[in-house]
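Residue-level structural notes
One-letter residues, chain by chain:
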Amino acid sequence: MRAGSVLSLSFLLLGLAVYAALPSGGAHEWEWRNGYIYLMIGIVSLLLTPLMGLLAFLIFSIRQREFTMAFLIVTLLVLLIGGTWLIHPGH
Amino acid sequence: MSDPIFFYILIGFVAGTLGSMVGLGGGIIMVPALTILLGVDIKSAISASLISLVATSIMSVSVFAKKELVHFKLGLILVSTTIVGSFGGSYIGVYLDPNTLMILFTALMIFAAIMLIRNLKKKTEDGDYESQTDVHVGGFFGISGKYRSEKSGQVQGFTVRRVPLNIGLSTFAGAISGMLGVGGGIIQVPMMHIVGGVPIKIASATSSFMIGFTGFAGAIVYFMYDQFDVVMTSGLIIGIIGGSYSGSKIAMKVNSKFLIMVLLVVLLYTSFRMIMKVCN
């Protein structure tokens with residue numbers, strides 16, 4: 001969780017710095033676009049961090065033989081992934 | 001540079017500071033601030049608020065989990081229905097007219113103001129808010145837990161009451177969160193505390209674990225339906241994280257009654273401005 005949040009925040013700060021410091025267009029267009037990509041990576045990794053945390057928690061629960069917890073985590077994962085799939089505009 | 005990045009960070013910071021100081025979360029301040037002050041579309045403001053919920057959840061859960069304040073079993077049971085509500089609420093939010101969303105948000109702000117007045121009265125009457133929530137007996141699902149009282153230092157047990165009702169209300173809370181981009185502080189915590197009899201600190205920590213997934217479910221819908229501004233969201237996340245951190249530090253030094261009064265004025269004034277915006 002901590003690694004995920006640090007990674008996300010680093011990308012967000014880097015992206016915002018690039019985006020704020022460089023003007024769009026001209027010689028800096030490529031770097032400016034990179035700033036936008038950093039921001040997207042930051043946001044996507046931020047959104048994925050709770051899922052990664054949940055997976056780590058699942059492994060921990062199975063190792064501790066806490067099968068009720070493992071079942072609840074799997075249910076939540078299925079709901080999150082299934083819900084995303086169901087609500088997708090292309091579905 | 002066409003985007004006012006500095007203002008996004010500033011709004012996130014102020015919302016995070018004020019929100020964490022009174023325990024309401026940043027969304028209730030951030031969304032109206034963005035729509036009224038910067039003229040941002042309310043749907044983009046809501047999606048940014050939902051993503052920042054994920055960020056604040058990650059930050060706070062790591063702290064609360066260390067202190068063993070998060071009740072993971074209860075959180076996992078409740079969040080399973082909360083995210084269903086959040087998916088549904090945000091899906092409705094995507095298709096709702098912005099003015100309708102503004103009216104709903106104003107209603108929520110008035111509700112938050114009432115909750116704050118209630119808390120203010122309770123704190124004045126009872127002195128110690130924590131000491132009321134010690135042990136509860138019963139429970140359909142048999143969910144129980146322990147927590148250490150800060151004042152006495154003793155470990156006390158509790159059993160969660162009316163779990164099925166809590167599950168039902170969680171779906172509703174998730175729908176409100178997904179539709180309006182607000183966290184658990186305003187709905188989930190009072191619900192767990194009043195209906196479930198969960199000690200306020202456990203409820204607050206468990207809610208911060210839950211809002212990460214609620215925010216994820218809501219944000220992903222707005223993200224897929226293109227109601228999303230990358231630069232604004234990033235600025236707000238940075239601001240709100242800094243604000244939440246500073247807010248938790250300042251809260252210990254400032255009179256909580258004064259804080260609540262300030263926020264009450266802010267909420268009521270913002271409600272008035274939102275209504276005016278809808279009418280114009």
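So, how was this worked out
- Residues numbered from 1 in each chain as written.
- Chains lettered and ligands numbered in written order.
- Predicted model: local features only at pLDDT ≥ 70, side-chain atom pairs only at ≥ 80, totals over all residues.
- Helix = DSSP H or I, 4+ residues; strand = E, 2+ residues; numbered from the N terminus.
- Buried ≥ 20, exposed ≤ 12 C-beta atoms within 10 Å, placed from the backbone.
- Contact = placed C-beta atoms within 7 Å.
- Nonpolar A, V, L, I, M, F, W, Y, C, P; charged D, E, K, R; others polar.
- Axes fitted to C-alpha atoms, helices over the stretch in contact; angles between N-to-C directions.
- Parallel < 35°, antiparallel > 145°, perpendicular 65-115°, else oblique.
- Left-handed = near helix turned anticlockwise from the far one by under 90°.
- Core = buried A, V, L, I, M, F, W, Y, C linked by C-beta atoms within 7 Å.
- pLDDT = per-residue confidence, 0-100.
- Expected span 1.5 Å × (residues − 1).
- Arc of directions from axis to C-beta.

**Examining the overall build of chain A**
Scanning chain A for helices and strands turns up three helices and zero strands. Secondary structure elements of chain A occur, N-terminal to C-terminal, as α-α-α. Sorting the 91 residues of chain A into buried and exposed places 26% on the buried side. A separation threshold of at least 6 residues defines the contact pool for chain A, and within that pool the share at least 24 residues apart is 40%.

**Looking at the interface of chain A and chain B**
The interface is formed by 31 residues belonging to chain A together with 35 residues belonging to chain B. Listed by contribution, the elements that provide at least two residues to the side of chain A that touches chain B are α1 (2-21), α2 (29-63) and α3 (67-87) of chain A. In terms of residues, the side of chain A that touches chain B owes the most to one element, α3 of chain A, which gives ten residues. The residue inventory of the side of chain A that touches chain B, partitioned by class, reads 22 nonpolar, eight polar and one charged.

**Focus on the packing of α3 of chain A against helix α8 (residues 200-224) of chain B**
A pair of packed helices is captured by two measures, namely the crossing angle of their axes and the spacing between those axes. Interhelical geometry of α3 of chain A versus α8 of chain B gives an angle of 15° and a closest axis separation of 10 Å. Here α3 of chain A lies roughly parallel to α8 of chain B, going by the angle between them. Regarding α3 of chain A and α8 of chain B, the two cross each other, and that crossing is right-handed. On α8 of chain B, the residues that touch L76, L80, G83, T84 and I87 of chain A of α3 of chain A are F213, F216, A217, I220, V221 and M224 of chain B. When grouped by side-chain class, the residues that make up the contact of α3 of chain A with α8 of chain B number nine nonpolar, two polar and no charged.

**Focus: the nonpolar core**
Ranked by internal contacts, the top residues of the largest apolar core, which has 101 residues, are V54 and A219 of chain B. Among the elements that take part in this core, α8 of chain B stands out by supplying 14 residues, more than any other.

**Regarding the confidence of the model for chain A**
The predicted model of chain A has a mean per-residue pLDDT of 82, with 87% of residues at 70 or higher. For chain A, per-element mean pLDDT is lowest for α1 of chain A, which scores 78, and highest for α3 of chain A, which scores 90.

**Here's the deal with helix α3 (residues 42-66) of chain B**
All names here are of chain B. For α3, spanning 25 residues, the distance from its first C-alpha to its last is 36 Å, which sits close to the expected 36 Å at 1.5 Å a residue. Burial analysis of α3 places 19 of its 25 residues in the buried class, the great majority of the element. Immediately downstream of α3, the backbone of E68 shows phi near 60°, a positive value.

**A look at the environment of L54 of chain A**
Residue and element names in this part refer to chain A. Along the chain, L54 turns up in helix α2. Note on L54: 18 C-beta atoms within 10 Å, which makes it partly exposed. Sequence separation of L54 and W32 is 22 residues, and the distance between their C-alpha atoms is 34 Å. Beyond its immediate stretch of four places on either side in the chain, L54 contacts I73, L76 and L77.

**A word on the environment of Y36 of chain A**
By secondary structure assignment, the location of Y36 of chain A is in helix α2. What makes Y36 of chain A partly exposed here is the crowd of 16 C-beta atoms within 10 Å. Taking C-alpha positions, Y36 of chain A is 14 Å from L9 of chain A, a pair spaced 27 residues apart along the chain. Apart from the residues lying within four places of it in its own chain, the contact partners of Y36 of chain A are G15 and Y19 of chain A together with V230 of chain B.

**Let's talk about the packing of helix α6 (residues 163-180) of chain B against α8 of chain B**
Residues and elements named next belong to chain B. Running from N to C, α6 and α8 cross one another at 50°; their axes reach a closest spacing of 9 Å. Put simply, α6 runs oblique to α8. Handedness of the α6/α8 crossing: right-handed. Contact with α6, carried on its side by G174, S177 and G178, involves T214, A217 and G218 of α8 and no other residues of that element. Considering only residue class, the contact of α6 with α8 consists of one nonpolar, five polar and no charged.

**Topic: unusual backbone geometry**
Of note, R65 of chain A is a non-glycine position whose phi angle comes to about 60°, a positive value. Counting through the fold element by element, R65 of chain A comes out in the loop between α2 and α3. With a phi close to 60°, D226 of chain B is a non-glycine residue in the positive phi region. One can find D226 of chain B in the loop between α8 and α9 (230-251).

**Examining α3 of chain A**
Because an α-helix completes one turn every 3.6 residues, residues spaced three or four positions apart along the sequence face the same direction. All names here are of chain A. With 21 residues, α3 should reach 30 Å at 1.5 Å per residue; the first-to-last C-alpha distance of 30 Å fits that figure. Listed as buried for α3 are L72, I73, L76, L80 and G83. Projected onto a plane normal to the axis of α3, the buried residues spread over an arc of 100° and lie on a single side. Turned more than 90 degrees away from the buried face of α3, the exposed residues are F67, V78, I81, G82, W85 and L86.

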